[in-house]
Amino acid sequence: MAEIEKNLVIFDTDPGIDDAMALLFLKAQPSLKLAAVTTVFGNAEVDITTRNALYLTRRFGIDAPVYAGASQPLTIARRPAPTFIHGNDGLGDADLVTGFSAEPAEGHAADRIVDIVRANPGKVTLLAVAPLTNLALALQRDPSIATLVKDVVIMGGAFAWGGRRGNATPVAEANVHNDPHAADRVFTAAWPVTAIGLDVTSHCVASHEDAAELAESGGAGRFLWDISRGYEALYQRRNQVDGCCLHDVAAAAYLVAPHLFSLHSGPVRVVTEGIAIGQTIQKLDGHIFGPNAWDGHPSKLVAADADFAGIVDSYKTAIRSLG
Ligand code: BDR
Ligand code: CA
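In short, a report on the structure.

What counts and how
- Residues numbered from 1 in each chain as written.
- Chains lettered and ligands numbered in written order.
- Predicted model: local features only at pLDDT ≥ 70, side-chain atom pairs only at ≥ 80, totals over all residues.
- Heavy atoms only, no water.
- Near = heavy atom within 4 Å.
- Polar contact = N/O pair within 3.5 Å; in protein donor to acceptor, adjacent residues only side chain to side chain.
- 1 Å grid on protein atoms, 1.4 Å probe; cavity = no way out; pocket = protein on both sides within 12 Å on 5 of 7 lines; lining within 4 Å.
- Sits in = over half its atoms within 2 Å of the grid points.
- Helix = DSSP H or I, 4+ residues; strand = E, 2+ residues; numbered from the N terminus.
- Nonpolar A, V, L, I, M, F, W, Y, C, P; charged D, E, K, R; others polar.
- Buried < 20%, exposed > 50% of the residue type's maximum accessible area, 1.4 Å probe, protein only.
- Contact = heavy atoms within 4.5 Å.
- Phe/Tyr/Trp six-rings, centres within 6.5 Å; stacked < 30°, edge-to-face > 60°.
- Donors = N, O, S within 2.8 Å, 3.2 Å for Na, K, Ca; no water.

**Description of the site of ligand 1**
- Looking at ligand 1, there are 13 residues lining it, with Asp18, Asn43, Asn167, Glu173 and Asp248 nearest.
- Separating an oxygen atom of ligand 1 from a side-chain N or O atom of Asn43 is a distance of 2.6 Å.
- At 3.2 Å from an oxygen atom of ligand 1 is found a side-chain nitrogen or oxygen belonging to His86.
- Judged by the fraction of its atoms near the pocket grid, ligand 1 is located in the largest pocket.
- Elements with a minimum of two residues in the shell around ligand 1: helix H1 (17–27), helix H6 (174–178) and helix H12 (247–256).
- Among the residues forming the shell around ligand 1, the class breakdown is four nonpolar, five polar and four charged.

Structure (structure tokens):
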């Protein structure tokens with residue numbers, strides 16, 4: 001029987017606790033093939049997120065090259081890494097990556113994104129769950145990739161549908177706040193983009209009990225339990241939820257279960273200066289205003305709601321399947 005062609009995915013990431021959850025979720029999907037893991041600064045500096053991506057791919061037998069990318073935003077100064085969320089080592093300071101070192105594959109992430117997209121026209125989905133610097137650089141290096149990608153799916157922004165407007169500031173989500181100029185380029189480029197924002201992902205909560213059950217189920221669940229003890233405690237204090245928000249997992253889930261999401265269409269712009277820097281604003285298609293900054297920009301899809309329990313269930317099924 002002919003083998004079913006898998007969907008090619010480039011995972012652009014800053015591991016990162018929920019990034020690690022998303023990577024393991026992706027590994028468990030039979031319909032997807034990871035063409036590459038590309039890393040960027042964000043939850044930690046890029047040498048740390050790259051080391052972590054290498055660790056995760058080696059430890060869990062993920063057969064994809066890891067390419068290191070941007071170490072700083074396009075225009076603004078690098079903001080301090082959120083060590084109070086992801087730990088000094090980016091993986092919860094669980095002492096699991098201490099002493100591990102490996103070299104990433106050759107080439108800058110942005111160049112490799114261009115190469116892979118060009119070699120597989122119409123077949124590659126870019127799944128970006130980190131500052132959008134690598135994607136903006138790839139577009140700058142070769143604008144033609146905009147017509148060659150299959151899709152661009154982002155965990156980023158906060159669109160206020162689900163109540164939440166920001167985590168880095170009252171109006172800005174961290175991935176976009178870390179590089180608002182890159183995010184604005186990605187949102188205004190002529191390629192398809194679907195954004196799964198913080199206002200939706202904040203409702204995708206794997207409870208303490210879910211995490212404990214997965215820890216019993218085997219190595220992947222136990223690993224995720226070990227790295228997420230501080231992350232869970234922070235979310236309990238900060239969001240008053242009994243568990244962890246699966247931000248990056250939710251965007252990954254869109255690739256295999258888009259029916260779990262409801263989406264709105266319209267151009268998106270990012271505020272790039274002032275106290276609202278990093279705010280993401282969508283102008284809905286069909287809404288009429290006077291001349292404005294959204295005019296002439298292509299519509300994007302933004303998640304407005306989702307089957308949160310369905311997303312958490314698909315995460316649990318995926319991690320359980322890894323044993
Ligand atoms: C996003 O920011 C990062 O800290 C997480 O990994 C996620 O990608 C949530 O705002
Ligand atoms: Ca991330």
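After that view of the structure, there is still more to cover.
**Some details on the environment of Val268**
- Here Val268 shows up in strand E10 (residues 268–270).
- Looking at Val268, the relative accessible area reads 0%, which means it is buried.
- In contact with Val268, not counting residues within four places along its chain, are Phe159, Asp184, Phe187, Thr188, Ile281, Gln282, Trp294, Lys300 and Val302.

**Quick look at helix H5 (residues 133–141)**
- In terms of burial, H5 is a largely internal element, seven of the nine residues being buried.
- Of the residues making up H5, those classed as buried are Thr133, Asn134, Leu135, Ala136, Leu137, Ala138 and Leu139.
- Summarising the contacts, the buried residues of H5 are in contact with strand E1 (7–13), strand E2 (32–39), helix H4 (109–119), strand E4 (124–128), strand E5 (151–155) and helix H7 (180–188).

**So, the packing of aromatic side chains**
- Under the definition given, this model contains six aromatic pairs.
- Ring plane angle 80° and centroid distance 6.5 Å describe the contact between Phe159 and Phe187, whose orientation is recorded as edge-to-face. With Phe159 in the loop between E5 and H6 and Phe187 in helix H7, the pair connects residues that are 28 residues apart, well separated along the chain. Taken individually, Phe159 and Phe187 each receive the classification buried, so the pair is uniform in this respect.
- Arranged with centres 4.8 Å apart and planes meeting at 65°, the rings of Tyr231 and Tyr235 form a pair that is edge-to-face. Here Tyr231 and its partner Tyr235 are both found in helix H11 (residues 229–239), four residues apart, which amounts to about one turn of the helix.
- Tyr231 sits in the buried class, given a relative accessible area of 1%.

**Regarding the coordination of the calcium ion (ligand 2)**
- In this structure, Asp14 (OD), Asp19 (OD), Asp19 (OD), Val129 (O) and Asp248 (OD) serve as the protein donors to the calcium ion (ligand 2), at separations of 2.3 to 2.6 Å.
- Take Asp248: its relative accessible area is 2%, and that puts it in the buried class.

**Re unusual backbone geometry**
- The omega torsion of the bond from Pro15 to Gly16 falls at -10°, within 30 degrees of zero and hence cis.
- Inspection of the secondary structure puts Gly16 in the loop between E1 and H1.
- Here Asp93, not a glycine, exhibits a phi torsion of approximately 50°, which is positive.
- Residue position: Asp93 is located in the loop between helix H3 (83–86) and H4.
- For Asp93, a relative accessible area of 42% puts it in the partly exposed group.
- Even without a glycine there, the phi angle at Asp95 is positive, about 60°.
- Within the secondary structure, Asp95 sits in the loop between H3 and H4.

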